[in-house]
Amino acid sequence: MIRNLQFYRGTGTNPYDNLALEAYFFQHCPPETCIFYLWQNERTVVIGKNQNAWRECNVDLLEQENGFLARRPSGGGAVFHDLGNLNFTFVAPAEDYHVSRQLDVICRAVRTFGLNAQKTGRNDIAVDGKKFSGNAFQKSKKAGCHHGTLLIHVDTAQMARYLTVSAKKLQAKGVPSVQSRVVNLQALCPAITVESLSAALFQAFEETYGLTAQILSSESVDWEEVRKISASFASWQWRLGREMPFSCELAERFSWGEVVFRFDVNKGKITDVQVYSDAMDTDFIGKVPPLLRNLPFSFSALADALNPLAQTPQYVTMTTDLQTLLRNGSQQAKGGKTK
């Protein structure tokens, strides 16, 4: 049971530092405590753990214009942050982590401005079908982390320049462009600013849990540990990994997310495989490549190799979808260039 609330308002705008502080809270969450953290990044594209940076973002343009490319440890899709966006994070012990209650905090705060905020889809919050918040999640044995964006007065033209959302994803959402599926809260209610929404969120946090929140000071954080985590988030290996040379590519979008397989094949054998996805379940995606490496390049054999994943009930649907994609691979596969 949650008996204590803690609140921290970030002051910096460096995405690696902000994500590091979030990770620090995730690693050091006290028992029976929910931590609520508000933060902002300047000109940043944040991608999910298993996404291909170059597929989701115009990396060169972003970096030329002094922007940041960051990768978070949670799943989900790419998002754009600027100072017209407010990010939120909830951290709680695993037994006290309840996404629906945490979403209630966000919806309650937005509704105080006369807007009917509702959870929609797999991870969005919207007003009248227009998305203003995307959410992602991460869990360990000890704690859960739920974070998201709140579009207040984001530069959506910049967002469209930096994000390269796939046509299949837009099609699934029934919209022609990334701009057309989102809305700034300030466009719906001019009274909403970063500061006014921050205040409403703090009040909603206390009201939803029925407790008084302790406001954490900077002195309560071990900044030496945060800096070490920040350095790992800023590293090239974490952010961009490797753009694998590939001989064959398969891509499809399912109800639970988009998946791209890239196979490097040599003499009929799979020498390497990468699986990119915006699926919310990062653990599932991470289990796929080891099952496929070093196998003969046969789509039916690759599909059969995923059978062990179907032994876990929560993975049955995703496994079946991937097996169907692989079995139809000969009709859908695209060739690539081996470097």
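Note: the structure precedes this text.
Residues numbered from 1 in each chain as written. Predicted model: local features only at pLDDT ≥ 70, side-chain atom pairs only at ≥ 80, totals over all residues. Heavy atoms only, no water.

Participant: Could you clarify how one ought to interpret the sheet that holds strand S6 (residues 85–93) in this entry?
Facilitator: Sheets are built from strands paired through backbone hydrogen bonds, the pairs being either parallel or antiparallel. Across the sheet, which stays open at both edges, the eight strands sit in the order S7-S8-S9-S10-S6-S2-S1-S11 with mixed pairing between neighbours. Where the open sheet ends on each side, the last strands, each with one partner, are strand S7 (117–120) and strand S11 (213–215). On average, adjacent strands in this sheet sit at an angle of 20° to one another, irrespective of strand direction. Bridging between strand S1 (residues 4–9) and S11 involves three bridges; their strand directions are parallel. Bridged to Leu5 within S11 is Ala213. (Pairing = 2+ DSSP bridges. Helix = DSSP H or I, 4+ residues; strand = E, 2+ residues; numbered from the N terminus. Axes fitted to C-alpha atoms, helices over the stretch in contact; angles between N-to-C directions.)

Participant: Help me understand the pattern of salt bridges in this model?
Facilitator: Any two side chains of opposite charge can pair, on the condition that their charged atoms come close. The full count for this structure, using the stated rule, is 13 salt bridges. When the shortest N-O distance is used, the salt bridge between Glu249 and Arg262 registers 2.7 Å. In this pair, Glu249 is assigned in strand S12 (residues 248–254) and Arg262 in strand S13 (residues 257–266), connecting sequence segments 13 residues apart. Comparing Glu249 with Arg262 shows no difference in burial state: the two are buried. A salt bridge links Arg293 to Asp272; its shortest N-O distance comes to 3.1 Å. Residue Arg293 is found in the loop between helix H11 (282–292) and helix H12 (299–305), and its partner Asp272 is found in strand S14 (residues 269–277); the two are separated by 21 residues along the sequence. Judged by its relative accessible area of 30%, Arg293 falls in the partly exposed class. Three or more residues joined by partner-sharing salt bridges are found here, namely Arg43, Glu65 and Arg161. (Salt bridge = Lys/Arg side-chain N within 4 Å of Asp/Glu carboxyl O. Buried < 20%, exposed > 50% of the residue type's maximum accessible area, 1.4 Å probe, protein only.)

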